[in-house]
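Here is how the chains run, residue by residue.
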Amino acid sequence: MDEELYREHILDHYKNPRNKGALSDYSFKHKEYNPLCGDVLELFLRVDEKNRVAETGFEGHGCAISQASASLLTEYIKGKTIDELKTLTTQDILDMLGVPINDARMKCAMLSLKTLEQGLYAFSQ
Amino acid sequence: MSINAHKKDFPMLAGQPQLVYLDSGATSQTPQPVLDAMNDYYNTCNANIHRGVYQVSTEATKRYEATREKIAAFIGAQREELIFTSGATMSLNLLAYSLCSTLKQGDEVVTTLMEHHSNFVPWQQLAKQHGFTMRSIGVTPDGRLNMEEAAALISPATKIVTFTHMSNALGTINPAKELCALAHRVGAVAIVDGAQSIAHMQVDVKNMNCDFFVFSGHKMFGPKGIGCLYGKATLLKNMQPFLYGGDMISEVTTTDTCFNELPYKFEAGTPNIADAIGLGAAVDYIQSIGIKNVIQHEAVLTRYALDVLKNIPNITFYGPQNASQYAIISFNLKGIHAHDVATLLDREHIAVRAGHHCAMPFMTALGVHGTVRVSLSSYNTKEDIDKLHDALLKVQKIFK
């Protein structure tokens, strides 16, 4: 079985997600879906006066990979500037997850990044 | 032919003996005779049909039309009532576009919350376009249609009643004959989506008394890209074609067109000849095993699977879990997302489907985001179920 994919830290972030929950005070929020598996992710970000991420939150449901990815990303981006967030890549997410993601699960893994990118785009308009 | 020996008829299964294929609800495996029939068309009579005067074209036409007769007989229909399409989705869209063109505000189309998106979205979208109302029959907590609600919803305003014969998500078999009678009582037409049922039940459209019946070839051992629409000739004759083009006309002038007779009126363009012939071979294959043997084998296997899997701790089944649930078992393991279950089963060479099964309104009605779906076919064995059982225990161990 694929213990490789479901390593302890992935399961830890799935069972004890960091930053889970909506923010009542946020600079922007954005919701995305993974139509294939029905995963849903809504991301909340509060940015301070220096344009740095002060607080993050997320709501939604999905598989261990999509939820761990959201948990890890919302941890990682705290303290980063909006410009820094815009440089995040697929590889950054794969590095955070640190487990081999095959093609079938790539969409799950990248739902958090897609949500952040689309949210940032709308926020920057 | 012994049903137990027939895994060897399917090249993909024979070539990968470690593979436990439990996703026949998505697509069934293709037996060698079907592949041979398609190959033989390309190798010996690869020509267009209905127009060539030369010999290979005549041969291709003969095989294509013989297939139509064979499939029509398989479901108890006449040859002119059997239209080739690309599959159930295309058949349903053909019906939706053709039938809804005469609907107006105040008219109603009744569907169900159990439908595959292909029998839900077309009506929903055309309702927006034409201004008619779409209503959906609800479901019971154990995944059956609420028949009291059906009787109440189907009213004199109803023009079309459209429903699945067998749920692709839970395997629930619906009382098709009863629903058709409810439709006819108010003068509505009844459409039955047989995409799932066609491989698992003896279908007799005359006995069911449906007005239309649709199915896909690839869920009944046939190839992808071919399917059928059955319609009562009296209704088809008065319907507007859905696609216009070659072969579906009898005369074209600069200002008007006379359409061809049935069934050609609904088959515009060069059809999928090889795959139609392949589907004919699939019908031959089913008849060589015997549909009664298929049904018996799958009923025993469904019961066995439910009995074996219920020993797994923290498993929740969706569906009636009695004789009206057939060949499909939908479940969740507590605390583990269906997608993760499917990924881990894949590492054990077990192929299952996970997610909403293209039936999001149904999942919402059941209060779940998705399920793990095991769908059985006649090539599955009790050994396959035992392997699934053991693998599910391993999944739980990883997520403990």
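Criteria and thresholds
- Residues numbered from 1 in each chain as written.
- Chains lettered and ligands numbered in written order.
- Predicted model: local features only at pLDDT ≥ 70, side-chain atom pairs only at ≥ 80, totals over all residues.
- Heavy atoms only, no water.
- 1 Å grid on protein atoms, 1.4 Å probe; cavity = no way out; pocket = protein on both sides within 12 Å on 5 of 7 lines; lining within 4 Å.
- Points joined across faces, edges and corners; volume = space filled by probe spheres on them.
- Helix = DSSP H or I, 4+ residues; strand = E, 2+ residues; numbered from the N terminus.
- Nonpolar A, V, L, I, M, F, W, Y, C, P; charged D, E, K, R; others polar.
- Domains from an automatic or database assignment.
- Contact = heavy atoms within 4.5 Å.
- Buried area = accessible area lost by both parts, 1.4 Å probe.
- Polar contact = N/O pair within 3.5 Å; in protein donor to acceptor, adjacent residues only side chain to side chain.
- Expected span 1.5 Å × (residues − 1).
- Buried < 20%, exposed > 50% of the residue type's maximum accessible area, 1.4 Å probe, protein only.
- Salt bridge = Lys/Arg side-chain N within 4 Å of Asp/Glu carboxyl O.
- Pairing = 2+ DSSP bridges.
- Axes fitted to C-alpha atoms, helices over the stretch in contact; angles between N-to-C directions.
- Phe/Tyr/Trp six-rings, centres within 6.5 Å; stacked < 30°, edge-to-face > 60°.
- Lys NZ or Arg CZ within 6 Å of the ring centre and 35° of its normal.
- Core = buried A, V, L, I, M, F, W, Y, C linked by side-chain atoms within 4.5 Å.

(A) Broad picture of the layout of surface pockets. Considered as a void within the structure, the largest pocket measures approximately 340 Å³ in volume. If you trace the largest pocket, you find 14 residues lining it, with Ala104 and Arg105 of chain A together with His339, Ala342 and Thr343 of chain B closest to the centre. The element best represented in the lining of the largest pocket is helix H12 (residues 338–346) of chain B, accounting for 4 residues. Looking at the lining of the largest pocket residue by residue, the classes come out as 7 nonpolar, 3 polar and 4 charged. Forming the walls of the second largest pocket are 20 residues, and the residues nearest its centre are His116, Asn168, Ala195, Gln196 and Lys219 of chain B. For the lining of the second largest pocket, the element with the most residues is helix H4 (residues 88–100) of chain B, which contributes 3 residues.

(B) Geometry of the domain arrangement of chain B. Residue and element names in this part refer to chain B. Under the domain assignment, chain B is made up of domain 1 (3–22 + 290–398) and domain 2 (34–287). Just the C-alpha atoms count here: the centres of domain 1 and domain 2 sit 28 Å apart. If you look at the interface, domain 1 gives 34 residues, while domain 2 gives 30 residues. Summed over both partners, the interface of domain 1 with domain 2 comes to about 2,500 Å²; 64% of that surface belongs to carbon and sulfur atoms. Looking at the side of domain 1 facing domain 2, the largest losses of area belong to Ile291, Pro361 and Phe362, adding up to 25% of the total buried there. Here domain 1 and domain 2 share 14 residue pairs in polar contact (both at pLDDT 80 or more) between them. Those elements that provide at least two residues to the side of domain 1 that touches domain 2 are helix H11 (291–309), strand S12 (328–333) and helix H13 (360–366). When residues of the side of domain 1 that touches domain 2 are assigned to their parent elements, the largest contribution, 6 residues, is made by H13. Tallied by class, the residues present in the side of domain 1 that touches domain 2 amount to 20 nonpolar, 10 polar and 4 charged.

(C) Up close: helix H14 (residues 382–398) of chain B. The end-to-end C-alpha distance of H14 of chain B, which contains 17 residues, comes to 25 Å, matching closely the 24 Å that a straight helix rising 1.5 Å per residue would cover. Buried within H14 of chain B we find Asp384, Ile385, Leu388, His389, Ala391, Leu392, Val395, Gln396 and Ile398 of chain B.

(D) Region of the structure containing the pattern of salt bridges. Residue and element names in this part refer to chain B. For the coordinates displayed, the defined rule picks out 26 salt bridges over all chains. Measuring nitrogen to oxygen at the nearest pair gives 3.1 Å for the salt bridge that ties Asp211 to Lys232. Of the two residues, Asp211 sits in the loop between helix H8 (205–208) and strand S7 (212–216) while Lys232 sits in the loop between strand S8 (227–231) and helix H9 (233–238), which places them 21 residues apart along the sequence. Residue Asp211 is classed as buried on the basis of its relative accessible area of 5%. A salt bridge links Asp307 to Lys310; the nearest nitrogen and oxygen atoms lie 3.4 Å apart. For Lys310, a relative accessible area of 52% corresponds to the exposed category. Each of Asp40, Glu59, Lys62 and Arg63 takes part in salt bridges that share partners, so that together they form one network.

(E) Highlighting the sheet that holds strand S3 (residues 53–61) of chain A. Residues and elements named next belong to chain A. Sheet architecture is open: 3 strands sit in the order S1-S2-S3, paired in antiparallel fashion. For this open sheet the edge positions go to strand S1 (28–34) and S3, each flanked by a neighbour on one side alone. For this sheet the average axis-to-axis angle between neighbouring strands, irrespective of direction, equals 15°. Note: S1 against strand S2 (residues 39–47), 7 bridges, orientation antiparallel. Across the sheet, the residue bridging to Lys31 is Glu42, located in S2.

(F) The arrangement of the sheet that holds strand S14 (residues 353–355) of chain B in detail. All names here are of chain B. The strand order across the open sheet formed by 4 strands is S11-S12-S15-S14, and the pairing between neighbours is antiparallel. Only two strands of the sheet have a single neighbouring strand rather than two, namely strand S11 (315–318) and S14. The sheet shows a mean angle of 30° between the axes of neighbouring strands, direction not considered. Sheet topology note: the S11/S12 ladder contains 4 bridges and is antiparallel. Residue pairing across strands places Tyr318 opposite Ser330, the latter belonging to S12. Against the sheet, H11 touches S11 and S12, its axis set at about 15° to S12.

(G) Focus on the packing of aromatic side chains. This structure, assessed with the given rule, holds 14 aromatic pairs over all chains. Ring centres of Phe213 of chain B and Phe215 of chain B lie 6.0 Å apart, and the angle between their planes is 55°; on these two criteria the pair is classed as tilted. By relative accessible area, Phe213 of chain B is classed as buried at 0%. Taking relative accessible area as the criterion, Phe215 of chain B reaches 0% and is therefore assigned buried. One aromatic cluster is present, formed by Phe10, Phe221, Tyr285 and Tyr379 of chain B through successive ring pairs. One Lys or Arg, Lys80 of chain A, reaches over the ring of Tyr76 of chain A and ends 4.4 Å from the middle of that ring.

(H) The arrangement of the nonpolar core in detail. Formed by 72 residues in total, the largest nonpolar core has its most connected members in Ile75, Phe213 and Met220 of chain B. The element that contributes the greatest number of residues to this core is helix H10 (residues 273–289) of chain B, accounting for 11 residues. Each residue touching Ile75 of chain B, except ones within four places of it in the same chain, is listed here: Leu82, Ile198, Val203, Asp204, Val205, Phe215 and Tyr230 of chain B. Of all hydrophobic cores here, the second largest spans 69 residues; its members include Ile10, Leu43 and Met96 of chain A together with Leu345 of chain B.

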